[in-house]
Amino acid sequence: MRIFVRAASLALVTFVASGCSLMAPNYSPSLPNMQLLKDGGSTGVAVGEFTSSDLPGITLRGSSLNSPYANSYSAYLAEALRQELQLSGRLLPTSSIQVSGVLIKNEINVAGFSTGEGTVEARFVVKKDGVVRYEQVKRAHTQWESSFAGPVAIPRGQQEYPHLVQVLLGELFADQSFMAVLK
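1. Structural notes on the packing of helix 3 (residues 73-87) against helix 4 (residues 150-173)
Relative placement of two packed helices is described by the angle separating their axes and the distance separating the axes. At a minimum axis separation of 11 Å, helix 3 and helix 4 run at an interaxial angle of 60°. When the interaxial angle is binned, helix 3 and helix 4 end up oblique. Classified by chirality, the crossing of helix 4 by helix 3 is right-handed. Across the interface between the two elements, Tyr73, Tyr76, Leu77, Ala80, Leu81 and Glu84 from helix 3 touch Tyr161, Pro162, Val165, Leu168, Leu169 and Phe173 from helix 4. When its residues are assigned to classes, the contact of helix 3 with helix 4 shows 11 nonpolar, no polar and 1 charged.

Written out as structure tokens, the structure is:
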């Protein structure tokens, strides 16, 4: 029995020390976001380039969380926007109205005893006929019930990432100045 406990402990320590790579879930559009887009008009919108400032990767207690979209969180944000526009009937790749952006902050923290939290921040730019008509930074912060236990906290942090991006896009779509430029 003692040998089994030592072997199991050694395996656990090796697993934790080596870290592992996790994949963030694919983005799923939110109904409230799509409704805001539908209510904001019917003009088609193109999604331009999204980049990121020099951001560290997301780690969840030693495990790296990777984006399923070109292994890039700026690509994740662009894909999320593209999906929201497409499902609301507003995506038009040839539109003279183009939304682009820069991911400024991208964090998930699962180190707490009973809560996890995430923050994402991006600068959104809307150009109409090549002229900047809107440029603002939007920020989203979420919290969720978590656990001190890694096998609970890590998957919960992983699953919360799409929700965090939904909240960020909700902040953008609720901005009347942004919606006015899309008309």
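2. Quick look at the side chain of serine 63
Here serine 63 shows up in strand 4 (residues 63-66). With residues up to four places along the chain from it excluded, the contact list for serine 63 reads Cys20, Leu22, Ile58 and Ile154.

3. Comments concerning the environment of serine 64
Its place among the elements puts serine 64 in strand 4. Measuring from C-alpha to C-alpha, the distance between serine 64 and methionine 23 comes to 8.3 Å, with 41 residues separating the pair along the chain. Leave out the neighbours within four places in its chain, and serine 64 touches Cys20, Ser21, Leu22, Ile58 and Thr59.

Calculation rules
Residues numbered from 1 in each chain as written. Predicted model: local features only at pLDDT ≥ 70, side-chain atom pairs only at ≥ 80, totals over all residues. Heavy atoms only, no water. Axes fitted to C-alpha atoms, helices over the stretch in contact; angles between N-to-C directions. Helix = DSSP H or I, 4+ residues; strand = E, 2+ residues; numbered from the N terminus. Parallel < 35°, antiparallel > 145°, perpendicular 65-115°, else oblique. Left-handed = near helix turned anticlockwise from the far one by under 90°. Contact = heavy atoms within 4.5 Å. Nonpolar A, V, L, I, M, F, W, Y, C, P; charged D, E, K, R; others polar.

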